[in-house]
Amino acid sequence: MPADVADSPDKILSDVDAFCQKLRPGEELCYLEHRFNDQLVPLAKKHGVLGLIIPKSLGGRGADAVTYSKALARIGREGTGVRTFFSGHCSIGQYPILRWGNAEQHTRYLPASVRGECILAFGLTEPDAGSNPREMTTTYRRSGDHYLLSGMKYLISNGSIAGAVVAFGYPADATGDDRRISAFIVDTKGATFQSERLTAKPGMHTADTGMFQMSDHPVPVANLLGKEGDGFRIAMGTLVSGRLSVAAGCLGVIEDCLEECMNYCRIRSQHGKLIGKHQLVQRHLAEIEIARATTEGIVLRAAEAKQAADEKPGDAAAQSSADLLTAEAKYYASNAAWQAADHAVQIFGGRGWSELYRVGRHLSDVRVCRIYEGTDEILQLKIASALLGKEFQAFS
Ligand SMILES: Cc1cc2nc3c(=O)[nH]c(=O)nc-3n(C[C@H](O)[C@H](O)[C@H](O)COP(=O)(O)OP(=O)(O)OC[C@H]3O[C@@H](n4cnc5c(N)ncnc54)[C@H](O)[C@@H]3O)c2cc1C
């Protein structure tokens with residue numbers, strides 16, 4: 001990865017905060033109308049927050065993993081849908097190109113992604129390959145100076161707005177257990193690439209979740225990411241980045257629930273006193289605060305491990321520490337946020353169970369964090385086998 005000076009964490013985080021403040025009114029309206037917020041990308045561009053992890057030499061801000069996770073926690077307060085856009089575009093879109101791409105791929109894709117001219121996505125999941133990506137059926141074959149990709153990718157964040165997707169497939173002519181997945185940067189233009197937005201969702205109504213079909217879709221040979229056969233390693237390495245982003249976003253959800261509840265406890269009265277003076281309501285507030293404090297700790301620990309791994313890409317111990325600690329943080333934070341949002345909705349009573357209030361939106365939206373980027377179950381198995389050793393792996 002190119003290394004150069006970075007903007008200061010304070011400047012980056014204050015720009016992210018300004019972006020979030022400007023975004024909020026329009027975002028709330030779009031959520032109520034269940035539509036993608038067209039102002040998201042222009043506002044993010046204006047505030048310089050589309051390239052937080054991209055080096056300054058490529059037009060970005062050069063944030064390290066700790067600063068980036070704080071930025072995503074701030075963005076997470078605006079909703080899991082908004083944070084998911086950033087996870088898709090930055091953590092699992094820009095990151096694999098930055099980490100495994102060559103200089104020519106960097107200059108072709110990353111500055112345009114920072115300017116918002118090329119939204120990115122990560123296409124691993126398929127209708128019949130979710131928790132086990134090795135069961136994917138997408139294939140590629142070489143034709144002159146292109147690869148032709150065929151297959152369907154499903155449940156892809158930014159999947160119907162992306163200009164390019166990091167997508168994965170097997171060689172069409174390979175069979176058996178030793179065939180290996182490759183990764184490609186796939187431009188989404190042309191009749192051989194058909195995408196559509198998935199709208200039947202119980203939350204994240206402003207986020208773009210899409211699917212796409214590739215039918216002998218031509219991808220220049222120059223767009224192979226890493227070497228042929230590196231795809232699985234690239235996908236798993238990218239999920240380390242993605243899981244940290246989910247965990248950090250969940251911290252933001254908890255922080256926002258806490259703030260909303262503290263305000264509401266001070267204005268809503270029942271039985272002749274403010275509800276904040278009812279001891280059982282205070283119990284809910286205490287649970288949210290404990291979730292906030294513990295999640296903050298586990299996210300910071302994971303971000304520091306990821307930062308150490310980024311600084312030493314050849315250090316296997318640093319990589320596996322980041323792999324484990326981000327999995328732990330993602331599992332813990334997504335469950336803590338789900339429970340915190342549930343406590344928050346309880347404090348708001350009937351108003352809480354409504355899209356009109358932030359806590360109700362958080363509850364609907366944050367549930368998906370226990371599913372994408374590794375389900376609860378897959379992460380539990382990963383954590384347990386890391387403790388017990390490779391011979392205890394439930395699956396390979
Ligand atoms: C809103 C949204 C956005 C997403 N964004 C992206 C994206 O940008 N890119 C992308 O590639 N994917 C994305 N996904 C897909 C997501 O990563 C998958 O949904 C997830 O990995 C689970 O796969 P699945 O849905 O096929 O469930 P399955 O794999 O079918 O799992 C079903 C259930 O079985 C359990 N299970 C499966 N295998 C085991 C096992 N060995 N042991 C124990 N339990 C097991 C699972 O934990 C789960 O409870 C997104 C999903 C959603 C909902």
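Residues numbered from 1 in each chain as written. Predicted model: local features only at pLDDT ≥ 70, side-chain atom pairs only at ≥ 80, totals over all residues. Heavy atoms only, no water.

## Regarding the overall build of the protein
For step 1, the next point in the chain: Within the protein, the regular secondary structure consists of 10 helices and 10 strands.
For step 2, the next point in the chain: A compact globule built from 396 residues would reach a C-alpha radius of gyration of about 21 Å, and the protein, at 21 Å, matches this within 12%.
For step 3, the next point in the chain: Reported as C-alpha extents along the three principal axes, the dimensions of the protein are approximately 80 × 50 × 45 Å.
For step 4, the next point in the chain: Of all 396 residues assigned to the protein, the portion counted as buried reaches 55%. (Helix = DSSP H or I, 4+ residues; strand = E, 2+ residues; numbered from the N terminus. Rg over C-alpha atoms; globule rule 2.2 N^0.38 Å. Buried < 20%, exposed > 50% of the residue type's maximum accessible area, 1.4 Å probe, protein only.)

## A closer look at the site of the ligand
For step 1, the next point in the chain: Close contacts around the ligand come from 20 residues, with T125, S131, L155, T375 and E377 the closest.
For step 2, the next point in the chain: The separation between a nitrogen atom of the ligand and a polar main-chain atom of F122 is 2.8 Å.
For step 3, the next point in the chain: T375 places a side-chain nitrogen or oxygen 2.7 Å from an oxygen atom of the ligand.
For step 4, the next point in the chain: Burial of the ligand by the protein chains amounts to 66% of its free accessible area of 980 Å².
For step 5, the next point in the chain: Within the residue set of the shell around the ligand, elements represented by two or more residues are β3 (146–157) and α10 (376–388).
For step 6, the next point in the chain: Residues of the shell around the ligand, tallied by class, amount to 12 nonpolar, 6 polar and 2 charged. (Near = heavy atom within 4 Å. Polar contact = N/O pair within 3.5 Å; in protein donor to acceptor, adjacent residues only side chain to side chain. Areas by Shrake-Rupley, 256 points an atom, 1.4 Å probe, with all protein chains shown as cover. Nonpolar A, V, L, I, M, F, W, Y, C, P; charged D, E, K, R; others polar.)

## Considering a nonpolar patch on the surface
For step 1, the next point in the chain: A cluster of nonpolar side chains, contributed by L387, L388 and F392, occupies part of the molecular surface with about 360 Å² of accessible area.
For step 2, the next point in the chain: Position of F392 relative to the elements: it lies in the segment after α10. (Patch = residues over 30% accessible without salt bridge, like charges linked within 9 Å, V, L, I, M, F, W, Y side chains within 5 Å. Salt bridge = Lys/Arg side-chain N within 4 Å of Asp/Glu carboxyl O.)

## Some thoughts on empty space enclosed by the protein
Empty space among the atoms becomes visible once a probe the size of a water molecule is rolled across them.
For step 1, the next point in the chain: Applying the stated criterion to the full structure yields 2 cavities of 30 Å³ or more.
For step 2, the next point in the chain: Put simply, the parts of the chain that give the lining of the largest cavity at least two residues each are α1 (9–32), α4 (80–100) and α9 (358–366).
For step 3, the next point in the chain: In terms of residue class, the lining of the largest cavity is made up of 3 nonpolar, 5 polar and 8 charged.
For step 4, the next point in the chain: As a volume, the second largest cavity reaches approximately 40 Å³.
For step 5, the next point in the chain: Taken together, E27, F36, N37, L40, G81, V82, F85, T206 and A207 form the lining of the second largest cavity.
For step 6, the next point in the chain: Among the elements that make up the lining of the second largest cavity, the one with the highest residue count is α4 (3 residues).
For step 7, the next point in the chain: The residue makeup of the lining of the second largest cavity, split by class, is 5 nonpolar, 3 polar and 1 charged. (1 Å grid on protein atoms, 1.4 Å probe; cavity = no way out; pocket = protein on both sides within 12 Å on 5 of 7 lines; lining within 4 Å. Points joined across faces, edges and corners; volume = space filled by probe spheres on them.)

## Focus: the pairing of strand β2 (residues 139–143)
For step 1, the next point in the chain: Across 5 bridges, the pairing between β2 and β3 is antiparallel. Within β3, the position partnered with T139 by the bridge is S150.
For step 2, the next point in the chain: Pairing between β2 and strand β4 (residues 164–171): 2 bridges, direction parallel. By the bridge assignment for β4, Y140 is matched with P171. (Pairing = 2+ DSSP bridges.)

## Describing the pattern of salt bridges
For step 1, the next point in the chain: Summed over the entire model, instances satisfying the criterion amount to 29 salt bridges.
For step 2, the next point in the chain: In this structure, R74 engages E78 in a salt bridge whose closest nitrogen and oxygen atoms are separated by 2.8 Å.
For step 3, the next point in the chain: Among the residues examined, E78 registers a relative accessible area of 8% and is labelled buried.
For step 4, the next point in the chain: Three or more residues are tied together by salt bridges with common partners; here these are D17, R24, E28, R74, E78, D256, E260, R358 and R361.

## A look at the packing of helix α3 (residues 65–76) against helix α6 (residues 231–267)
For step 1, the next point in the chain: Running from amino to carboxyl end, α3 crosses α6 at an angle of 45°, the nearest separation of the two axes being 6 Å. Looking at the two axes, α3 sits oblique to α6. Seen from above, α3 lies across α6 with right-handed handedness. For the pair formed by α3 and α6, the contact residues are A65, S69, L72, A73 and G76 on the first element and L244, S245, A248, G249, L251, G252, V253 and E255 on the second.
For step 2, the next point in the chain: Of the residues assigned to the contact of α3 with α6, the class counts are 7 nonpolar, 5 polar and 1 charged. (Axes fitted to C-alpha atoms, helices over the stretch in contact; angles between N-to-C directions. Parallel < 35°, antiparallel > 145°, perpendicular 65-115°, else oblique. Left-handed = near helix turned anticlockwise from the far one by under 90°. Contact = heavy atoms within 4.5 Å.)

## Let's talk about the state of the cysteines
For step 1, the next point in the chain: With the rule as written, the count across this model stands at 0 disulfides.
For step 2, the next point in the chain: No disulfide involves C257; its sulfur sits 6.2 Å from that of C261, the nearest cysteine. (Disulfide = S-S within 2.5 Å.)

## Details of the environment of P171
For step 1, the next point in the chain: Here P171 shows up in strand β4.
For step 2, the next point in the chain: The spacing of P171 and S385 is 214 residues in sequence and 30 Å in space, taken between C-alpha atoms.
For step 3, the next point in the chain: P171 has contacts with Y140 and R180, leaving out every residue within four places of it along the chain.

## Overview of the nonpolar core
For step 1, the next point in the chain: Membership of the largest hydrophobic core comes to 98 residues, with the highest contact counts inside it found for F19, F86, F168, I288 and I347.
For step 2, the next point in the chain: Broken down by element, this core gets its largest block of residues, 16 residues, from α6.
For step 3, the next point in the chain: Contacts of I288, omitting those with residues within four sequence positions, involve I254, C257, L258, C261, A340, H343, A344 and I347.
For step 4, the next point in the chain: Residues L149, F184, M214 and V219 belong to the second largest nonpolar core, which totals 15 residues. (Core = buried A, V, L, I, M, F, W, Y, C linked by side-chain atoms within 4.5 Å.)

## With respect to the side chain of R292
For step 1, the next point in the chain: Turning to its location among the elements, R292 is positioned in helix α7 (residues 279–311).
For step 2, the next point in the chain: In contact with R292, not counting residues within four places along its chain, are L251, I254, E255 and L258.

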